[in-house]
Amino acid sequence: MAENKNNAPVQDLNELLQVRRDKLAALCEAGEDPFVKTKYDVTGSSVAIKADFDAFEGREVSLAGRIISRRIMGKASFVGLRDGDGDIQLYVRRDDVGEDVYAGFKKWDIGDIIGVKGVVFKTQTGEISLHLTHIELLAKSLLPLPEKFHGLKDNDLRFRQRYVDLIMNPNVKRNFIVRSQFIKFMRKYLDDMGYVEVETPVLNTIVGGAAARPFITHHNTLNIPMYMRIATELPLKRLIVGGMNRVYEIGRIFRNEGMDPKHNPEFTTVELYQAYADFHDMMDIAEGIISGAAMAIHGTYEVEWLGEKIDLTPGWRRLTMVDAVKQYAGIDFGAITDDAEAVEAAKSIGVELADTADKTWGNALYACFDQRVEEKLIQPTFITMYPVEVSPLTKASPEDPRLTERFELFICHSELANAYSELNDPIVQRQRFEKQLELRERGDDEAEMLDEDFLTAMEYGMPPTGGMGIGIDRAVMLLTNSDTIREVILFPTMKPLSE
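Quick caveat: nothing in here was measured; it's all calculated off a predicted structure. (Residues numbered from 1 in each chain as written. Predicted model: local features only at pLDDT ≥ 70, side-chain atom pairs only at ≥ 80, totals over all residues. Heavy atoms only, no water.)

Draft legend 1. Local environment of the overall build of the protein. Of regular secondary structure, the protein possesses 16 helices and 20 strands. For the protein, the residues scored as buried account for 48% of the 499 residues in total. Approximately 24,400 Å² of the protein is accessible, and the part contributed by carbon and sulfur atoms is 51%. Seen as two clouds, the 58 positive and the 80 negative side-chain charges of the protein have centres 7 Å apart. (Helix = DSSP H or I, 4+ residues; strand = E, 2+ residues; numbered from the N terminus. Buried < 20%, exposed > 50% of the residue type's maximum accessible area, 1.4 Å probe, protein only. Areas by Shrake-Rupley, 256 points an atom, 1.4 Å probe, with all protein chains shown as cover. Lys, Arg positive; Asp, Glu negative; His and termini not counted. Charge placed at Lys NZ, Arg CZ, Asp CG, Glu CD.)

Draft legend 2. Focus on the pairing of strand E3 (residues 60–73). As paired strands, E3 and strand E6 (residues 113–122) are joined by seven bridges and run antiparallel to one another. Residue pairing across strands places valine 61 opposite glycine 118, the latter belonging to E6. In this structure, E3 lies alongside strand E4 (residues 76–82), joined through seven bridges in antiparallel fashion. Within the sheet, the bridge partner assigned to serine 69 lies in E4 and is glycine 80. Between E3 and E4, which pair antiparallel and follow one another directly, the connecting turn spans two residues, one of which, glycine 74, has a positive phi of 70°. (Pairing = 2+ DSSP bridges.)

Draft legend 3. Spotlight on helix H16 (residues 472–480). A large share of H16 lies buried, amounting to nine of its nine residues. Taken together, the buried positions of H16 are occupied by Ile472, Asp473, Arg474, Ala475, Val476, Met477, Leu478, Leu479 and Thr480. Of the residues one or two after H16, asparagine 481 is the one with positive phi, at around 55°.

Draft legend 4. Seen up close, the pairing of strand E20 (residues 465–471). Along E20, seven of the seven residues are buried, which leaves the element largely enclosed by surrounding structure. Both strand E13 (residues 266–275) and E20 contribute to a ladder of seven bridges, which runs antiparallel. Bridge pairing in E20 links glutamine 274 to glycine 466. Relative to E20, strand E19 (residues 414–421) runs antiparallel, the two being bridged by five bridges.

Draft legend 5. Local environment of the nonpolar core. One finds Phe182, Val325, Phe333, Phe407 and Met468 to be the most contacted residues of the largest nonpolar core, which totals 74 residues. Residue contributions to this core peak at ten residues, all from helix H10 (residues 279–298). Not counting chain neighbours up to four residues away, the residues in contact with phenylalanine 407 comprise Phe279, Met282, Met283, Phe382, Ile383, Thr384, Tyr386, Ala417, Asn418, Ala419 and Met468. Judged by nonpolar contacts, the second largest core, of 24 residues, contains Phe53, Val97, Val116 and Val120. (Core = buried A, V, L, I, M, F, W, Y, C linked by side-chain atoms within 4.5 Å. Contact = heavy atoms within 4.5 Å.)

Draft legend 6. Up close: the packing of aromatic side chains. Inspection of every chain in the model, using the stated rule, returns twelve aromatic pairs. Between the aromatic rings of phenylalanine 105 and tryptophan 108, the centroid separation amounts to 5.7 Å while the plane-to-plane angle is 85°, which identifies the pairing as edge-to-face. For phenylalanine 105, a relative accessible area of 0% translates into the label buried. (Phe/Tyr/Trp six-rings, centres within 6.5 Å; stacked < 30°, edge-to-face > 60°.)

Draft legend 7. Structural view of the pattern of salt bridges. In this structure the tally under the stated criterion is 29 salt bridges. Linking arginine 158 and aspartate 165 is a salt bridge whose minimum nitrogen-to-oxygen distance equals 2.9 Å. Within this structure, Arg20, Lys23, Asp109, Asp112 and Lys140 form a network of salt bridges that share partners. (Salt bridge = Lys/Arg side-chain N within 4 Å of Asp/Glu carboxyl O.)

Draft legend 8. Structural context of the sheet that holds strand E10 (residues 216–219). Read across the sheet, three strands follow the order E9-E11-E10 without closing on themselves; strand pairing throughout is antiparallel. Edge strands, defined here as strands with exactly one partner in the open sheet, are strand E9 (203–204) and E10. In this structure, E10 lies alongside strand E11 (residues 224–228), joined through four bridges in antiparallel fashion. Directly across from histidine 219, in E11, lies its bridge partner isoleucine 224.

Draft legend 9. Expanded view of unusual backbone geometry. With a phi angle near 55°, cysteine 412 is a residue other than glycine that sits in the positive phi range. Summarising the element assignment, cysteine 412 is placed in the loop between strand E18 (403–411) and E19. A positive phi angle is found at asparagine 481, which is not glycine, with a value near 55°. Judged by relative accessible area, asparagine 481 falls into the partly exposed class, the value being 39%.

Draft legend 10. A look at a nonpolar patch on the surface. Taken together, the side chains of Leu166, Leu490 and Phe491 present a nonpolar region at the surface, about 270 Å² in accessible area. Considering the arrangement of structural elements, one finds leucine 490 in the segment after H16. On the accessibility criterion, leucine 490 (34% relative accessible area) is partly exposed. (Patch = residues over 30% accessible without salt bridge, like charges linked within 9 Å, V, L, I, M, F, W, Y side chains within 5 Å.)

Draft legend 11. Quick peek at the sheet that holds strand E17 (residues 381–387). Here eight strands make up an open sheet; going across it, the order is E8-E12-E13-E20-E19-E18-E17-E16 and the pairing mixed. In this open sheet, the two edge strands, each paired with only one partner strand, are strand E8 (196–197) and strand E16 (317–320). Relative to E13, strand E12 (residues 246–254) is paired through nine bridges, and the arrangement is antiparallel. Residue isoleucine 253 lies in a different strand from E13, and its bridge partner there is phenylalanine 267. Packing against the sheet, helix H9 (residues 233–241) makes contact with E12, E13, E19 and E20, and its axis sits at approximately 20° to E13. Lying on the sheet, helix H13 (residues 361–373) is in contact with E17 and E18; it crosses E17 at an angle near 155°. (Axes fitted to C-alpha atoms, helices over the stretch in contact; angles between N-to-C directions.)

Now the structure itself:
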């Protein structure tokens, strides 16, 4: 036995573990191995009973779940049961379940999984409970749960052991229910518009569709390197060429990049492409999905995220990047035509271009937006007309060839969607890819590769197309008021613990 700071004896963890294993051994020796149970018929749930007590009162129901608390009082006990939906109190009396069963029950532990049958009633204090007629052990917990009062608060441990997090913090489950509801809403929204959901390869011989560093693996049989996809864009555009005019894919994306509250190396997006549409159509869809999901899930367009009250009422602001930089950074790139002047204007407000970037008007405009404007965008805002330098797959603007018909959606200084009027000229596309190759040769390992098969597909003729990607994880962060992406990914990437 160890002692705590008040000199009171406490059981060593190893001793607690051994006690539980000894209990399991005793059960097995008595022919009561709990792990041989294969099924238990459940006829109700804690939430359903509490939501409609009048309908359940006096009825016998079967529940199953985990013991989360108990008070043993001689011939009768109260037990807290947590099933798949919530918590409910159980009243266990020796004379009702049998003396031998009750004696065995008293040796069970918090965390054990049990099956029960009983009658729904209210205690004298008015608590909805189940008066048991039957109780049995379905699985033995060999590890003690975290101490109830403090719970599981360490975020690093919560994300590493999500299973314990879900046991100890039932409210966490709500985030993932909202995630499921959002994806379900989005699917229906797109399906109702005539889109077809498809699947494209995760492993590719060429990486493309985004500016990102890939994960690289090796195919033993073919003896070639392969890349885990950083986007689903190029395969989906091939389908547009093939005549599938409205397609989308909800899929995992893998980018070998840093981790922070907004980024996880493995994340989920939806990408969608529509022939004979442009980026204005994609804006309407993005607004419809996110605002519609908020109303469907929460019953309101008003949400809170990162300490800000966000109004998702349709009719979101649409602002060109030139106008955004003029409004928030004080530089009017619309009045600048010379590359050197643009770079100097950026430097005048403390903005520096990346070492690998050409010193052009477009790169200077984007750097000013990225470093001085993005952080100021709180309410839903579509930033449109991106420089061609940072949009190699996007159609140029007919009014200004330095710009492209592209938007990104920002809410609470976070990017939630990215969309284009897709470039469909194969000759210009080849030139753009070749420019990306130059950047790779100069050390930019996030620049795109040249995809000859994609260019071949484009040469068969690609119709005017609108395309968009929405970050599902960030959309769920918005809808659950989560301040880190790890709160909305069940098993986020974590650095391994040292031995």
